[in-house]
Amino acid sequence: MRMDIETYKQIYANLGSVDDVKSVAKQFSQPVGTIHSILNQKTVAKVKRNFSKVKNNSGKHLKQWQKGRSITEIARKNDIPATLIVSMLLKEMGIPKKGFIRNLDDYPEGRLKREVTEAMGSDYFFSPRAHDLHAEKGKLGESILAAWLAERGVTYRSEEDLRKEGFTKTPDFLLNEDIDVDGAKVSWIESKALFGDEKEHDYYIKKQFREYEENYGNGMIVYWYGFIDNISFNGNVIKDYRFFGEDQGMMEELLNFETYW
């Protein structure tokens, strides 16, 4: 669904935390997934603005923790996701982050383990669980597209197929024959389980879409959770969930997919 910029700005302004997601979704008659995606993008933008300043004070944060302030309290005070504070503190302590987090169950019970577990459990955007759920959501979107193509007898090579052939920049679906979408010829499809705002769209044009167009011709970009009505990319088609129908079981699951707990 194309969203006008004023509605987008109102939604953006009304989102402070995951506690706001369901009420804002109801207020603006939007899927929960759309609102959560916009909140995720707002959170990432905030992190990009504040991260360097917070990181430069990581030694100070460690001292605060050693004096008794919890990791989640430090994160809240600095308005930054708790998993990022965990990373800073572990680095200050000389503890490898990946090894510690991946093997958390192997470490003895104690304050650090307890607070790291609590911090990651409260972080709906940067924690390992959040990343896993985001990946799961992406796969669900691709599964819906694969089913949609199969229903129409459209064959394709997947991203995995193309990588086996030696391609490096690969869309999710490279069609064996072009299809017609709204009068436009489409030779590839890229699935994005997110909301397409201007920054996201510009980022992916530079990172992916431009090269796909140069290599394969025009394609279709699917922002499952909607997009701002002023984005475009040459003659390429941009769609969201409404184009594919709302009566599919997988579609309902995607629209209501909760990446918070």
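Our structure is the block above this text.
All values derive from a computational prediction rather than experimental measurement.

Engineer: Is there a simple way to explain the layout of surface pockets in this structure?
Structural biologist: Within this model, the largest pocket holds a volume of roughly 820 Å³. If you go around the largest pocket, you meet 31 residues; those closest to its centre are Asn-40, Gln-41, Val-44, Lys-48 and Glu-200. Of the residues forming the lining of the largest pocket, the biggest block, 10 residues, is contributed by helix α3 (residues 32-56). Across the lining of the largest pocket, the residue classes break down as 15 nonpolar, 7 polar and 9 charged. In this structure, the second largest pocket occupies an estimated 570 Å³ of space. Together, 22 residues line the second largest pocket, and Ser-17, Ile-80, Pro-81, Ser-122 and Phe-125 are the ones closest to its centre. Residues that form the lining of the second largest pocket fall into these classes: 10 nonpolar, 5 polar and 7 charged.

Engineer: How should the packing of aromatic side chains be read in this particular structure?
Structural biologist: When we look at a pair of aromatic rings, we describe it by the centre distance and by the angle of the planes. With the rule as written, the count across this model stands at 15 aromatic pairs. Aromatic pair Tyr-8 and Phe-195: ring centres 5.6 Å apart, planes at 5°, arrangement stacked. Linking Tyr-8 in helix α1 (residues 5-14) with Phe-195 in the loop between β4 (184-192) and α11 (198-216), this pair joins segments that are 187 residues apart in sequence. By the burial criterion, Tyr-8 is buried, and Phe-195 matches it. Arranged with centres 5.1 Å apart and planes meeting at 90°, the rings of Phe-243 and Phe-244 form a pair that is edge-to-face. Exposure remark for Phe-243: the relative accessible area of 30% places this residue in the partly exposed category. Ring-pair connections join several aromatic residues into one group, and the members of that group are Trp-188, Tyr-203, Tyr-204, Phe-209, Tyr-212 and Phe-233. Residue placement shows Arg-111 over the ring face of Trp-65; its charged tip is 4.0 Å from the ring centre.

Engineer: Help me out: how do you make sense of the packing of α3 against helix α6 (residues 82-93) in this one?
Structural biologist: Helix packing for two helices is described by the angle between their axes and how far apart those axes are. Where α3 meets α6, the closest approach of the two axes is 12 Å, and the angle between their N-to-C directions is 25°. Relative to α6, α3 is oriented roughly parallel. Judged by the twist between their axes, the crossing of α3 over α6 is right-handed. In this structure, α3 contributes Val-47, Phe-51, Val-54 and Lys-55 to the contact, and α6 contributes Leu-84, Ile-85, Met-88 and Lys-91.

Engineer: Would you take a moment to explain the pairing of β4 for this structure?
Structural biologist: Looking down a regular strand, the side chains alternate between one sheet face and the other. Across the 9 residues that make up β4, a large majority, 8, are buried. Pairing geometry for strand β3 (residues 173-181) and β4, over 5 bridges, is antiparallel. Looking at β4, one finds that Val-181 is bridged to Ala-184. Hairpin connection of β3 to β4: 2 residues between the antiparallel strands, including Asp-182 at a positive phi of 55°. Examined bridge by bridge, β4 and strand β5 (residues 219-223) share 5 bridges and lie parallel to one another. Of the residues in β5, the one forming a bridge with Ile-189 is Met-220. Each parallel crossover has a hand, and for β4 linked through α11 to β5 it is right-handed.

Definitions and cut-offs
- Residues numbered from 1 in each chain as written.
- Predicted model: local features only at pLDDT ≥ 70, side-chain atom pairs only at ≥ 80, totals over all residues.
- Heavy atoms only, no water.
- 1 Å grid on protein atoms, 1.4 Å probe; cavity = no way out; pocket = protein on both sides within 12 Å on 5 of 7 lines; lining within 4 Å.
- Points joined across faces, edges and corners; volume = space filled by probe spheres on them.
- Helix = DSSP H or I, 4+ residues; strand = E, 2+ residues; numbered from the N terminus.
- Nonpolar A, V, L, I, M, F, W, Y, C, P; charged D, E, K, R; others polar.
- Phe/Tyr/Trp six-rings, centres within 6.5 Å; stacked < 30°, edge-to-face > 60°.
- Buried < 20%, exposed > 50% of the residue type's maximum accessible area, 1.4 Å probe, protein only.
- Lys NZ or Arg CZ within 6 Å of the ring centre and 35° of its normal.
- Axes fitted to C-alpha atoms, helices over the stretch in contact; angles between N-to-C directions.
- Parallel < 35°, antiparallel > 145°, perpendicular 65-115°, else oblique.
- Left-handed = near helix turned anticlockwise from the far one by under 90°.
- Contact = heavy atoms within 4.5 Å.
- Pairing = 2+ DSSP bridges.
- Right-handed = clockwise from strand over helix to strand, strands pointing away.

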